[in-house]
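# Inside the fold
Chain residues, written in single-letter form:
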Amino acid sequence: MSHTFYIALSYGIAALIVALLILWVWLDGRGRRRDLEELERVGVRRRSSVASVDEAR
């Protein structure tokens, strides 16, 4: 094995891992967005959403 092959392989594996992590975070974000949309559809609201005057009473 030459040093060039070893270095190229190391960079390739590192790039693959970074790409997989980016994909994982992106897919997980889409899933969480879908979960939030489903919760809002059934009437569950976020605590950070502004409550109307009627809801506050």
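Further up the page is the structure itself.
Described below are features of the structure shown in this document. (Residues numbered from 1 in each chain as written. Predicted model: local features only at pLDDT ≥ 70, side-chain atom pairs only at ≥ 80, totals over all residues. Heavy atoms only, no water.)

This brings us to the pattern of salt bridges. Evaluation of the coordinates by the stated rule reveals three salt bridges. Of the charged contacts in the structure, one is a salt bridge between R32 and D28, with a shortest N-O distance of 2.4 Å. Placement of the pair is R32 and D28 together in helix 1 (residues 3–41), with a separation of four residues, close to one helical turn. R32 gets classed as partly exposed once you look at its relative accessible area, which sits at 42%. (Salt bridge = Lys/Arg side-chain N within 4 Å of Asp/Glu carboxyl O. Helix = DSSP H or I, 4+ residues; strand = E, 2+ residues; numbered from the N terminus. Buried < 20%, exposed > 50% of the residue type's maximum accessible area, 1.4 Å probe, protein only.)

Turning our attention to the packing of aromatic side chains. Inspection of every chain in the model, using the stated rule, returns zero aromatic pairs. Lying over the aromatic face of W26, R30 brings its terminal NZ or CZ to 5.0 Å of the ring centre. (Phe/Tyr/Trp six-rings, centres within 6.5 Å; stacked < 30°, edge-to-face > 60°. Lys NZ or Arg CZ within 6 Å of the ring centre and 35° of its normal.)

This brings us to helix 1. Look at helix 1: 57 Å from first C-alpha to last across 39 residues, which is about the 57 Å you get at 1.5 Å a residue. A positive backbone phi angle near 110° is found at G43, which sits one or two residues after helix 1. (Expected span 1.5 Å × (residues − 1).)

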